[in-house]
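Secondary and tertiary structure notes
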Amino acid sequence: MRFIDPHIHIASRTTDDLATMARMGCVIVGEPAFWMGYDRTGVNSFHDYFRQLTEWEPKRCANYGISHYAWMGLNAKEAENVGFAREVIAELPAFLDRATVLGVGEIGLHKCTKNELTTLEALVDLALSRGEQMLFHTPHLEDKYKGTRMILDLLAGDSRTDPSRVCIDHCEEHTIRLALEAGHWAGMTLYPTTKVTPDRAANMIELYGPDRILVNSSADWGPSNPFAVPDFIFTMQRRGHDPELIQQVVYDNPVKFMQQSKNFTLA
Amino acid sequence: MNRFFLSSSWLSGEAEIATTPAGGSLIFGSDFRKLGYRPRPSMRRFHASLGRFLATISILSGAPMSSPLSAQEILDREFLTFRAKLIELAATLDRLDRAEGAVDDDPRCDQLRRGLELLTSRDGNWAEQMQMVFSLPFDSEQKGGASS
């Protein structure tokens, strides 16, 4: 079954991974800007990283027949230094204009501090002032519920927000309903230890239905699985779900969400 | 929303076959005994705990999209995995018990205790509630915590 991984950090994956993903049916990926596992020391590091996501990774993916799209942003882990964050945010508009960029992401909160929130407000303002789609990272573990509520409050408080053009990602059992009830898309990230397993993702689809749901691997440089979406497909098949329903979640939904960006085209 | 409860009455010897509102049937209760199952005396305490735990399991229906598999099929398929997870939990508790030192005052132990207690509740919606046991509270008036 062909599928889209709408959130995967291709920069961390080998060409072997790309070849296997393609053989498993991956046709499109979305790669949000992310933390590299260590804090960058200058704006130029971000500049080069944004070039990697918009120049080099699309070429690597194209070698395996995979269309690559990117999201530009500043992650929450590097948002604490507000002054530095402003310098990075100033770099973003030029990259948001590039042909394969879908919008602003992944942005959000990590430890839900005042400084993180200040930086996030600047990023959201940039996105809304340009009419960009947004992809939100929600915090891990005990911070997830609080951080998700803070993000949803921030969006609800800005009348320019179109909820249908926003994905609240890394949703789990205690946050998915909040995202969906606010009218947003809800992303579920399939991770080996934290976040969600394929079985729990299937449970949530059975509970909430398939509409406005995205599943992704978010595979990066840490313990993660670039083949998590096919694992989810297999789980849904084992449960006896119709192929049409599974395709809606792993292909039709991401197309519907991404198509709201002017830069997304189906080959 | 309809909830179908497995019964722990099989431990007390009461016969029980539950018919679901949707027309399906669940064979639990002392039907285990009818099927020839006789717990050994040494296993009864374990079975009592497991019975209380099983008594809390519910299968939700009336959701936007229910599972294509029946409750019986899910139980048949998942029982061993379920069992393995419970034993893994029990073995980790044993390991903590054997180790030097005490962690009773560690707030994470309180979270674990609340999590284990939640599994024996009959309220349903266990996964979401379990997540909340391990979540920080949200105060809508609080606009971000202190920066480190």
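A short tour of the structure in this document, coming up. (Residues numbered from 1 in each chain as written. Chains lettered and ligands numbered in written order. Predicted model: local features only at pLDDT ≥ 70, side-chain atom pairs only at ≥ 80, totals over all residues. Heavy atoms only, no water.)

**Topic: the pairing of strand β7 (residues 185–189) of chain A**
Residues and elements named next belong to chain A. Threshold: In this scheme, a residue with accessible area under 20% of its type's maximum is buried, one over 50% is exposed, and one in between is partly exposed, where area comes from a 1.4 Å probe on protein chains only. Helix and strand assignments follow DSSP, with helices taken as H or I runs no shorter than four residues and strands as E runs no shorter than two, numbered in order from the N terminus. By definition, two strands form a pair when at least two bridges between them are found by DSSP. A right-handed crossover is one whose linking path, passing over the helix from the first strand to the second, runs clockwise when the strands point away from the viewer.
A large share of β7 lies buried, amounting to 5 of its 5 residues. Side chains Trp-185, Gly-187 and Thr-189 of β7 all project onto a buried face; the interleaved residues Ala-186 and Met-188 project onto the opposite face, where all are buried too. Inspection of the sheet shows strand β6 (residues 166–168) paired to β7 by 2 bridges, in the parallel sense. Within β7, the position partnered with Ile-168 by the bridge is Ala-186. For the crossover from β6 across helix α6 (residues 176–181) to β7, the handedness is right-handed. Here β7 pairs with strand β8 (residues 213–216) via 4 bridges, running parallel. Among the inter-strand pairings, Thr-189 is bridged to a residue of β8, identified as Asn-216. Note on the crossover from β7 through helix α7 (residues 198–208) to β8: the handedness is right-handed.

**Description of empty space enclosed by the protein**
All names here are of chain A. Note the threshold: Buried and open spaces are told apart on a 1 Å grid over the protein atoms alone, a cavity being a set of points where a 1.4 Å probe fits but cannot get out and a pocket being an open set with protein on both sides within 12 Å along at least five of seven lines. Residues with an atom within 4 Å of a point are the lining residues. Grid points are joined across faces, edges and corners, and a volume is the space filled by probe spheres set on the points. Each residue gets one label: Ala, Val, Leu, Ile, Met, Phe, Trp, Tyr, Cys and Pro are nonpolar, Asp, Glu, Lys and Arg are charged, and the others, such as Gly, are polar.
For the coordinates displayed, the defined rule picks out 1 cavity of 30 Å³ or more. Estimates place the volume of the largest cavity at around 50 Å³. Together, Pro-6, His-7, Trp-71, Leu-135, Cys-167, Asp-169, Leu-214, Asn-216, Phe-257 and Met-258 line the largest cavity. Looking at the lining of the largest cavity, the elements with two or more residues in it are β8 and α9 (243–258). Here the residues of the lining of the largest cavity are counted per class, giving 7 nonpolar, 2 polar and 1 charged.

**Considering the interface of chain B and chain A**
Quoted interface sizes are often the accessible area lost when the parts come together. Selection criterion: By the convention used here, residues are in contact when the closest approach between their heavy atoms is within 4.5 Å. When two components associate, each loses some accessible surface as probed by a 1.4 Å sphere; the sum of these losses over both components is called the buried area. By definition here, a salt bridge exists when the distance from a side-chain nitrogen of Lys or Arg to a carboxyl oxygen of Asp or Glu is within 4 Å. Whenever a nitrogen or oxygen atom comes within 3.5 Å of another N or O atom, the pair is scored as a polar contact, on the condition that within protein one atom can donate a hydrogen and the other can accept it, and that pairs from neighbouring residues in sequence are kept only if both atoms are in side chains.
Of the residues lining the interface, 26 residues belong to chain B; the matching set on chain A comes to 30 residues. Interface area for chain B against chain A, summed over the two sides, is near 2400 Å², with a carbon-plus-sulfur share of 57%. The tally of links between chain B and chain A comes to 1 salt bridge. Note that Arg-177 of chain A and Glu-128 of chain B form a salt bridge whose closest N and O atoms lie 2.5 Å from each other. There are 6 residue pairs in polar contact (both at pLDDT 80 or more) connecting chain B and chain A.

**Digging into the side chain of Glu-31 of chain A**
All names here are of chain A. The following threshold applies: Under the counting rule used here, the positive set is Lys and Arg, the negative set is Asp and Glu, and His together with the chain ends is not counted.
Residue placement: Glu-31 occurs in strand β2 (residues 26–32). We note that Glu-31 is buried and unpaired, the nearest opposite charge coming from Arg-60 at a distance of 6.8 Å. Only 3.1 Å separates the side chain of Glu-31 from the backbone nitrogen of Ile-10, close enough to count as a polar contact. Those residues in contact with Glu-31 that sit more than four places away from it in its chain are Ile-8, His-9, Ile-10, Ala-11, Leu-53, Glu-57, His-68, Tyr-69, Ala-70 and Trp-71.

**Some words on helix α5 (residues 144–156) of chain A**
Residue and element names in this part refer to chain A. We count it as follows: What a helix is expected to span follows from its residue count: subtract one and scale by 1.5 Å.
Here α5 is 13 residues long and its end C-alpha atoms lie 18 Å apart, about the 18 Å a rise of 1.5 Å per residue gives. Along α5, 10 of the 13 residues are buried, which leaves the element largely enclosed by surrounding structure. Along α5, the positions that sit buried rather than exposed are Lys-144, Tyr-145, Lys-146, Gly-147, Thr-148, Met-150, Ile-151, Leu-152, Leu-154 and Leu-155.

**A word on the packing of helix α8 (residues 228–238) of chain A against α9 of chain A**
Residue and element names in this part refer to chain A. As a reminder of what qualifies: Only the stretch in contact is used when fitting a helix axis, every axis being a line fitted to C-alpha atoms; angles between N-to-C directions are given from 0 to 180 degrees. Roughly parallel means an angle under 35 degrees; roughly antiparallel, over 145; roughly perpendicular, 65 to 115; everything else is oblique. In this scheme the crossing of two helices becomes right-handed for a clockwise turn of the near helix relative to the far one and left-handed for an anticlockwise turn of less than a right angle.
Remark: α8 packs on α9, axes separated minimally by 10 Å, with the N-to-C direction vectors making an angle of 160 degrees. Between α8 and α9, the interaxial angle falls into the category roughly antiparallel. Handedness of the crossing formed by α8 with α9: right-handed. Here Val-229, Phe-232, Ile-233, Met-236 and Gln-237 of α8 lie close against α9, whose contacting residues are Leu-245, Ile-246, Val-249 and Val-250. Along the lines of polarity and charge, the residues of the contact of α8 with α9 split into 8 nonpolar, 1 polar and no charged.

**Structural notes on unusual backbone geometry**
All names here are of chain A. Each neighbour pair has its own omega, and for Gly-105 with Glu-106 the value is -15 degrees, a cis peptide bond. Tracing the sequence through the fold places Glu-106 in strand β4 (residues 101–108). Positive phi values are uncommon outside glycine, yet Lys-195 reaches one of about 60 degrees. Along the polypeptide, Lys-195 turns up in the loop between β7 and α7. With relative accessibility at 6%, the residue Lys-195 sits in the buried group. Phi is positive for Ser-218, close to 50 degrees, though the residue is something other than glycine. Ser-218 sits in the buried class, given a relative accessible area of 3%.

**Describing the packing of aromatic side chains**
Residue and element names in this part refer to chain A. Test applied: Between rings of Phe, Tyr and Trp, where Trp is taken as its six-membered ring, a pair exists when centres lie within 6.5 Å; planes separated by under 30 degrees are stacked, by over 60 edge-to-face, and by other angles tilted. Any Lys NZ or Arg CZ that is within 6 Å of a ring centre and within 35 degrees of that ring's normal is treated as a charge sitting over the ring.
A complete count under the given rule lists 9 aromatic pairs over all chains for this structure. When the ring of Phe-46 is compared with that of Phe-50, the centres are 6.1 Å apart and the planes differ by 50 degrees; the resulting orientation is tilted. Here Phe-46 pairs with Phe-50, and both are found in helix α2 (residues 43–62), just 4 residues apart, close to one helical turn. Residue classification places Phe-50 among the buried positions, given a relative accessible area of 0%. Judged by centre distance (4.9 Å) and plane angle (40 degrees), the rings of Tyr-69 and Phe-264 are tilted. With a gap of 195 residues between them, Tyr-69 in strand β3 (residues 67–72) and Phe-264 in the segment after α9 connect regions that are remote in the sequence. Both residues of the pair, Tyr-69 and Phe-264, count as buried. Over the ring of Tyr-251 we find Arg-2, and its NZ or CZ is 3.9 Å from the ring centre. The side chain of Arg-40 reaches across the aromatic face of Tyr-49, ending 4.7 Å from its centre.

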